[in-house]
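# Structural overview for review
The lines below spell out each chain.
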Amino acid sequence: MSRRSRPRTVQVPPGATTVRIPRQRGAKNAPPVVVLVSEPRPSLSSRLARAAGGWAWKHRAAWAPTGYAVLAYVLTAVVHAVAPWMVYVLAPAALVPLLALVWVRAKHPGRVGDRPGRLLTAAVLATLALGWTAATVHYGPLTVPLAWTWAGLTLAVQVFWLVVRRSK
């Protein structure tokens, strides 16, 4: 077998769009062969998903509380199904943020800072979130008043987060 008829093994990485055309026989001054390989256009849903994902990634720090709220809702549903006895741990733990704020104000009044309202608001929102978690573990995540409480609390925490981030 002659050397010219054997295919040469060319290593091209998988997914590459390179097309190798063997040397043409015949006229030496013939123009080179050009092959255009176009990428298929993405679908409308793919473009919408990419735009939404890009927007979410760009604004990920601003929407962090909402992401954590969704994660907390799912985890609370799992805890309700797997370990409903956790309500006895979560109910007393709901008071920890307020008790910590009272303790810090009593023992170290200088650590409260120049904006004590923010600290109080954060402690109240954390107490409400832990109380909601305890109630949801006990009654279930599909209880309508608790679902509306979650939505309102998520909105309040998101607004608080955006206000605090802008005023720094």
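Further up the page is the structure itself.
Here we summarise the structure given alongside this text. (Residues numbered from 1 in each chain as written. Predicted model: local features only at pLDDT ≥ 70, side-chain atom pairs only at ≥ 80, totals over all residues. Heavy atoms only, no water.)

## Points about the packing of helix 2 (residues 64-82) against helix 6 (residues 144-166)
Close contact between helix 2 and helix 6 brings their axes to 9 Å; oriented N to C, the two are set at 155 degrees. Classed by the angle they form, the pair helix 2 and helix 6 counts as roughly antiparallel. For the pair helix 2 and helix 6, the sense of crossing is right-handed. Every residue of helix 6 that contacts helix 2 at Pro65, Thr66, Ala69, Val70 and Tyr73 is listed here: Ala147, Trp150, Thr154, Val157, Gln158 and Trp161. Of the residues belonging to the contact of helix 2 with helix 6, the class tally is eight nonpolar, three polar and no charged. (Axes fitted to C-alpha atoms, helices over the stretch in contact; angles between N-to-C directions. Helix = DSSP H or I, 4+ residues; strand = E, 2+ residues; numbered from the N terminus. Parallel < 35°, antiparallel > 145°, perpendicular 65-115°, else oblique. Left-handed = near helix turned anticlockwise from the far one by under 90°. Contact = heavy atoms within 4.5 Å. Nonpolar A, V, L, I, M, F, W, Y, C, P; charged D, E, K, R; others polar.)

## Looking at helix 5 (residues 116-139)
Counted at 1.5 Å a residue, the expected span for helix 5 with its 24 residues is 34 Å, and the 34 Å between its end C-alpha atoms agrees. All of the buried residues in helix 5 are Ala123, Leu125, Thr127, Trp132, Thr133, Ala134, Thr136 and Val137. On its buried side, helix 5 packs onto helix 2, helix 3 (87-93), helix 4 (96-107) and helix 6. Among the residues trailing helix 5, Gly140 stands out with phi positive, at a value near 110 degrees. (Expected span 1.5 Å × (residues − 1). Buried < 20%, exposed > 50% of the residue type's maximum accessible area, 1.4 Å probe, protein only.)

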